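# Structural overview for review
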Amino acid sequence: MKTNLGKKITGCSMKKGMLLFVLFGLLLVSGPLAQEAIANPGSQADELIDAGNAKVKAGKHSEAIEIFTRALSLDGGVANQATAYFKRGQAYFELGKFDFAISDYSAALKDLEGMKTLNDFKSEYFYNSGRAYDKTGNLKQAVSDYTSALELLPDHLKARNNRAVAYYKLKEFRLAVADCDKYLAHDTKWASIYYTRGAAKIGLKDKSAIPDLIKAAKMGNGYAQDALRKAGVKWQ
C-alpha cells in the first residue's frame with residue numbers, strides 16, 4: 001500500500017510538474033516577452049510610413065504628417081527615422097510649410113550623418129532641402145544644398161537644373177550656363193534648360209542666346225516663345 005501510495009504521489013507530482021511546464025510555456029508565448037517581440041518598433045514604423053505614403057498619394061498631407069509623426073515616436077532604427085523625417089518634410093512642402101520642411105530634411109540628413117553609403121538617399125534629401133530654401137527665397141542656401149546633392153550624385157539632373165536656375169536668379173550667369181551645359185551632356189529633351197541657358201547668355205550679352213531660345217520655343221517652352229515674340233524674333 002505504501003508503495004502504491006508513493007507511486008500515486010510521484011505520478012501526481014510529475015503531472016503537476018508537466019502542467020506547470022506547459023503553463024510556463026504558454027506564458028512565454030502569450031505574455032509580455034512575446035508581446036515585446038510581436039510589437040517590433042521597426043515593423044510598426046514601416047507600417048506607419050507605408051500608411052503615411054498612401055495618404056500623401058491621396059493628397060491628404062495633413063493626415064500624412066500625423067502618421068509620420070507617430071512613426072517618429074517609435075524607436076524604429078536610423079533608416080526608418082530618416083525616412084519618416086524626409087517623408088514628413090515632403091508633406092510639409094506640399095502644404096507650403098517650407099520652414100517645417102527644411103527642419104525635417106535637416107533632421108533626416110543628421111540621422112544619416114557619417115554613413116558612407118546611401119549617397120543616393122542623402123543626395124535626394126539635399127535636393128529637396130534646396131527646393132524648400134528656393135521657395136523661401138534663400139537662393140544662396142538653395143545653391144549650397146543643390147551643390148551638396150551633386151557632390152554626392154553628379155548625375156542628379158533635377159539638382160543640376162535647379163542650381164542653374166538659382167544661379168541665374170543670383171545673376172551668376174556664367175555658372176548658370178556651365179550647369180546647363182553639364183545638364184545637356186546627359187539630356188537634350190528638356191526645353192526649360194535651353195531657355196535657362198539662353199536667358200543666362202543674354203545676361204552675358206552672348207549672341208548665341210537666340211538659338212537656345214528658339215530651340216526652347218520650338219520645344220514648347222512658353223517663356224521662350226514670349227521672349228522671342230517681344231524681341232520680334234521669328235521662331236516658327
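Residues numbered from 1 in each chain as written. Predicted model: local features only at pLDDT ≥ 70, side-chain atom pairs only at ≥ 80, totals over all residues. Heavy atoms only, no water.

Within the protein, the regular secondary structure consists of 13 helices and 0 strands. Beginning at the N terminus, the succession of helices and strands in the protein can be written as α-α-α-α-α-α-α-α-α-α-α-α-α. For the protein, buried positions account for 36% of its 236 residues. Considering only intrachain contacts with a sequence separation of at least 6, the fraction spanning at least 24 residues in the protein is 42%. Counting only carbon and sulfur atoms, one obtains 57% of the accessible surface of the protein, whose full area is about 14,600 Å². (Helix = DSSP H or I, 4+ residues; strand = E, 2+ residues; numbered from the N terminus. Buried < 20%, exposed > 50% of the residue type's maximum accessible area, 1.4 Å probe, protein only. Contact = heavy atoms within 4.5 Å. Areas by Shrake-Rupley, 256 points an atom, 1.4 Å probe, with all protein chains shown as cover.)

Inspection of helix α12 (residues 209–218) places Ala209, Asp212, Leu213, Ala216 and Ala217 among the buried residues, and these make up the whole buried set. Relative to the axis of α12, the buried residues are bounded by an arc of 135 degrees and lie together on one face. In this structure, the buried residues of α12 make contact with α11 (191–203) and α13 (222–231). One or two steps after α12, the chain reaches Gly220, where phi turns positive at roughly 100 degrees. (Arc of directions from axis to C-beta.)

Time to look at the side chain of Asn221. Relative to the helices and strands, Asn221 resides in the loop between α12 and α13. Among the polar contacts listed, one links the side chain of Asn221 to the side chain of Ser192, at a separation of 3.4 Å. Discounting residues that sit within four places of it in the chain, Asn221 has contacts with Ala191, Ser192, Tyr195 and Ala216. (Polar contact = N/O pair within 3.5 Å; in protein donor to acceptor, adjacent residues only side chain to side chain.)

Now for the nonpolar core. In this structure, Phe86, Phe93, Ala101, Tyr105, Tyr125 and Ala132 are the most contacted members of the largest nonpolar core, which totals 14 residues. Sorting the residues of this core by element identifies α5 (78–94), α6 (98–111) and α7 (119–136) as the ones contributing at least two each. When residues no more than four places from it in sequence are discounted, the contact partners of Ala101 are Gly89, Tyr92, Phe93 and Ala132. One finds Cys180, Tyr183, Ala217 and Trp235 within the second-largest nonpolar core, a separate group that totals 12 residues. (Core = buried A, V, L, I, M, F, W, Y, C linked by side-chain atoms within 4.5 Å.)

Okay, the packing of α11 against α12 next. Between two packed helices, what matters for the description is the angle formed by their axes and the separation of those axes. The contact between α11 and α12 brings their axes to 8 Å, and the two run at 155 degrees. In terms of orientation, α11 lies roughly antiparallel with respect to α12. The hand of the α11/α12 crossing is left-handed. Counted together, Ala191, Tyr194, Tyr195, Arg197, Gly198, Ala199, Lys201 and Ile202 of α11 and Ala209, Asp212, Leu213, Lys215 and Ala216 of α12 form the full contact between these two elements. Classifying every residue of the contact of α11 with α12 gives 8 nonpolar, 1 polar and 4 charged. (Axes fitted to C-alpha atoms, helices over the stretch in contact; angles between N-to-C directions. Parallel < 35°, antiparallel > 145°, perpendicular 65-115°, else oblique. Left-handed = near helix turned anticlockwise from the far one by under 90°. Nonpolar A, V, L, I, M, F, W, Y, C, P; charged D, E, K, R; others polar.)

Looking now at unusual backbone geometry. Its identity is not glycine, yet Lys171 carries a phi of approximately 65 degrees, on the positive side. Not every positive phi belongs to a glycine, and Lys205 is a case in point at roughly 60 degrees. The residue Lys205 is located in the loop between α11 and α12 in this model. By relative accessible area, which is 78% here, Lys205 ends up exposed.

The next thing to look at is the environment of Tyr168. Residue placement: Tyr168 occurs in helix α9 (residues 157–169). Here the alpha-carbon distance between Tyr168 and Thr196, two residues 28 residues apart in the chain, equals 7.6 Å. Every residue in contact with Tyr168, bar those within four places of it in the chain, is listed here: Phe173, Ala176, Ala199 and Ala200.

Right, let's talk about the packing of aromatic side chains for a bit. The full count for this structure, using the stated rule, is 7 aromatic pairs. Between Tyr92 and Phe100 the ring centres are 5.1 Å apart and the planes differ by 25 degrees, which places this aromatic pair in the stacked class. With a centroid separation of 5.7 Å and 50 degrees between ring planes, the pair formed by Tyr168 and Phe173 is classed as tilted. For Phe173, a relative accessible area of 17% translates into the label buried. In textbook terms, an aromatic cluster arises when at least three aromatic residues are bridged by ring pairs, as seen for Phe86, Tyr105 and Tyr125. (Phe/Tyr/Trp six-rings, centres within 6.5 Å; stacked < 30°, edge-to-face > 60°.)

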